[in-house]
Amino acid sequence: MIRSALLFTGAALASALAVGCFAERQFYYPTRGESAYTPQNLGLAFENVYFTSRDGAKLHGWFIPAAGESKGFVLHVHGNANKIGDHIGAVAWLPRENYGVFMFDYRGYGLSDDKRPSPRALMEDTQAALSWLRQRQGVDPDKILVLGQSLGGNNAVAALAMPDEAGKTGNVAGIVLDATFESYSAIVGDHAPGLGWLISDRYSANRHIRKLTPIPLLFLHGDHDSLISWQHSQRLFDAALPPKQIRIIPGSGHVRALDDPGARQEILRFFESCLNEAKESTSFMAE
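As a starting point, this report considers the structure included with it. (Residues numbered from 1 in each chain as written. Predicted model: local features only at pLDDT ≥ 70, side-chain atom pairs only at ≥ 80, totals over all residues. Heavy atoms only, no water.)

1. Focus on the pattern of salt bridges
Selection rule: By definition here, a salt bridge exists when the distance from a side-chain nitrogen of Lys or Arg to a carboxyl oxygen of Asp or Glu is within 4 Å. Strands here are runs of E lasting at least two residues and helices are runs of H or I lasting at least four, both read from the DSSP assignment and numbered beginning at the N terminus. Partly exposed residues are those whose accessible area sits between 20% and 50% of the maximum for their type, while under 20% is buried and over 50% is exposed, using a 1.4 Å probe and protein chains only.
Tallied over the full model, the rule gives twelve salt bridges. Arg107 is the salt-bridge partner of Asp55, the closest N and O atoms lying 2.7 Å from each other. In this pair, Asp55 sits in the loop between β2 (47-52) and β3 (58-64) while Arg107 sits in the loop between β6 (99-104) and α2 (119-135), placing the two residues 52 residues apart along the sequence. Under the relative-accessibility criterion, Asp55 is labelled partly exposed at 44%. Several salt bridges converge on common partners, so that one network encompasses Arg247, Asp260, Glu266 and Arg269.

2. Here's the deal with the packing of aromatic side chains
As a reminder, the rule being used: Here a pair means two rings of Phe, Tyr or Trp (six-membered ring of Trp) with centres within 6.5 Å. Their orientation is stacked below 30 degrees between planes, edge-to-face above 60, and tilted elsewhere. A ring is considered to have a charge above it if a Lys NZ or an Arg CZ atom is located within 6 Å of its centre and within 35 degrees of its normal.
Applying the stated criterion across every chain yields a total of 15 aromatic pairs. Aromatic pair Phe219 and Phe237: ring centres 5.9 Å apart, planes at 90°, arrangement edge-to-face. Here Phe219 is found in strand β9 (residues 217-222), whereas its partner Phe237 is found in helix α6 (residues 230-239), with 18 residues between them in sequence. Three or more aromatic residues link up through ring pairs in this structure, and these residues are Phe51, Phe63, Phe102, Phe104, Tyr106, Tyr109 and Trp132. Sitting above the plane of the Tyr50 ring, Lys58 keeps its charged end 4.8 Å from the centroid. Against the face of Phe237 rests Lys244, its NZ or CZ located 4.5 Å from the ring centre.

3. Some thoughts on the sheet that holds β2
How we decide: Paired strands, in this sense, are two strands between which DSSP finds at least two bridges. Note on definitions: angles span 0 to 180 degrees between N-to-C directions of axes, and those axes are lines fitted to C-alpha atoms, for helices only across the stretch in contact.
The strand order across the open sheet built from eight strands is β2-β3-β6-β4-β7-β8-β9-β10, with neighbouring strands paired in mixed fashion. Both outer strands of the open sheet, β2 and β10 (244-249), are each paired with one neighbouring strand and no more. This sheet shows a mean twist of 20° between the axes of neighbouring strands, independent of strand direction. In the sheet, strand β4 (residues 72-77) pairs with β6 via five bridges, with the strands oriented parallel. In the sheet register, Val74 faces β6, and the bridge partner there is Val101.

4. Things to note about the side chain of Ser252
Our working definition: Definition of a polar contact: a pair of N or O atoms within 3.5 Å, with one able to donate and the other able to accept a hydrogen when the atoms are protein atoms, and with sequence-neighbouring residues admitted only if both atoms are side-chain atoms. What makes two residues a contact is simply this: any of their non-hydrogen atoms within 4.5 Å.
With respect to the secondary-structure elements, Ser252 resides in the loop between β10 and α7 (261-286). A polar atom in the side chain of Ser252 sits 3.2 Å from the backbone oxygen of Arg256. Look past the residues within four positions of Ser252 in its chain and what remains in contact with it is Gly222, Asp223, His224, Asp225 and Ala257.

5. A few points about the pairing of β10
Consecutive side chains of a regular strand alternate in pointing toward one face of the sheet and then the other. The pairing of β9 with β10 spans six bridges and is parallel. Bridging from a neighbouring strand, Phe219 pairs with Ile246 of β10.

Next comes the structure, spelled out in structure tokens:
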């Protein structure tokens, strides 16, 4: 009787783990190969970049310089689908506002190594991208900002809060989180009620958001987002420590907040405020 109960428990746990692994894989919808649509199609200069993640995975990205004198540099961390060419529209306006942009593909996406994505791997890929940008010639590390969208927002929070390969946590001038989900388990629970417990939240944004203080945070979310409800951003905002701002965009769908001219102006004001604060802090430290 006891043996039968143990066998049943073991089988149930194995089934739960299998379902959990399957559910985790549903977060990723990569497209492989070279992007047909590049910054050049939009009249922007760019450089193909290759760098390595912590485990040696080779990653690909684009560095797009500012059109004029750089005000700052934005690391763009994209969502779970396609590849960087499909996300260029989210950031193509920033170089014309004199912000350099570095966007990259996780493993399994685009021209990056064809390795299986996972929450930990994508977090480490994001850390590697930030490290590359910090070390690039001509980039002032005190002027780096982060824009994370959807899954990319979650990756950005975990990557900045957790120690990197050198044992350091990321310090940037400011972070914009667009349509970011609260946690892996919460978003699974939204779409498959009762199954959220099968997903680990070790790399979830709500586990790490408070560790980012005193980095300024700006949350954006469309109130017509049918994939990730705006309440996810509201709960993350409530959990975060100041300084923080939130703007819910009326009528906007998933990762469409940046289509709104008002939201773009909000981001520019936020970036300028972050860079001014960073400059004042640096000047104070120098004294």
